[in-house]
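Descriptive analysis of the structure
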Amino acid sequence: MEQIKVYIEWCDHNFGATFGDNVPGAVVLTAKTYDELMKEIPETLQFHVEGMVADGDDVPQWLRDGKYEFDYHLDTAALIRSCEQYASLAAISRASGVNERQLSHYANGVKKPRPQQRERIVEGLHEIGRKLIAVV
């Protein structure tokens, strides 16, 4: 099964996504919410592939047949924004040890974290998830 990388970013109060290099043609989609974007990703790809086939473009058979899965890559702003409905910046700050103001800068795309800082944020989100799962 082929993997299609989906790059998701937060930009100008919207989530945006693009597909990796193994999808021919340029495809960009946006949505106001993360859930809406996740719903639109497969629909947009299917529409794109149907259009390419109708135009007689060269489309890999695996793509025509839908034999792929998505591999999502969120930038830090999109990552934080996608979790807003489940955890506040204050909660993410407590769990990750990253200053809340700094998290706000990351969430708004004002600054980009170093890889180690991003890893602390991801681990903080995982910690929140583990604690929620442990609730009986």
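Attention here is on the structure that accompanies the text. (Residues numbered from 1 in each chain as written. Predicted model: local features only at pLDDT ≥ 70, side-chain atom pairs only at ≥ 80, totals over all residues. Heavy atoms only, no water.)

Considerations on unusual backbone geometry
One non-glycine residue with positive phi stands out, namely Asp12, at about 55°. Structurally, the position occupied by Asp12 is in the loop between β1 (2-11) and β2 (14-19). Non-glycine residue His13 carries a positive phi angle of around 65°. Inspection of the secondary structure puts His13 in the loop between β1 and β2. Overall, His13 belongs to the exposed group, its relative accessible area being 55%. (Helix = DSSP H or I, 4+ residues; strand = E, 2+ residues; numbered from the N terminus. Buried < 20%, exposed > 50% of the residue type's maximum accessible area, 1.4 Å probe, protein only.)

A short note on the packing of aromatic side chains
This structure, assessed with the given rule, holds 6 aromatic pairs. Taken together, a centroid distance of 6.3 Å and an interplanar angle of 80° make the contact between Trp62 and Tyr68 edge-to-face. Here Tyr68 falls in the buried class, since its relative accessible area comes to 18%. An aromatic cluster is present here, built from Phe19, Trp62, Tyr68, Phe70 and Tyr72 joined pairwise through their rings. (Phe/Tyr/Trp six-rings, centres within 6.5 Å; stacked < 30°, edge-to-face > 60°.)

Section: the sheet that holds strand β4 (residues 68-74)
Spatial strand order, β3-β2-β1-β4: 4 strands in an open sheet with mixed pairing. Only two strands of the sheet have a single partner each, and these edge strands are β3 (28-31) and β4. If you compare each strand with its neighbour and ignore which way they point, the axes differ by 25° on average. The pairing of β2 with β3 spans 4 bridges and is antiparallel. Its bridge partner being in β3, Ala17 is matched across the sheet by Leu29. (Pairing = 2+ DSSP bridges. Axes fitted to C-alpha atoms, helices over the stretch in contact; angles between N-to-C directions.)

Structural notes on the nonpolar core
Ranked by internal contacts, the top residues of the largest apolar core, which has 36 residues, are Ile8, Phe19 and Ile121. It is helix α1 (residues 34-54) that provides the largest number of residues to this core, a total of 5 residues. Ile8 has contacts with Phe15, Gly16, Ala17, Tyr34, Leu37, Met38, Ile41, Tyr72, His73, Leu74, Asp75 and Ala78, leaving out every residue within four places of it along the chain. (Core = buried A, V, L, I, M, F, W, Y, C linked by side-chain atoms within 4.5 Å. Contact = heavy atoms within 4.5 Å.)

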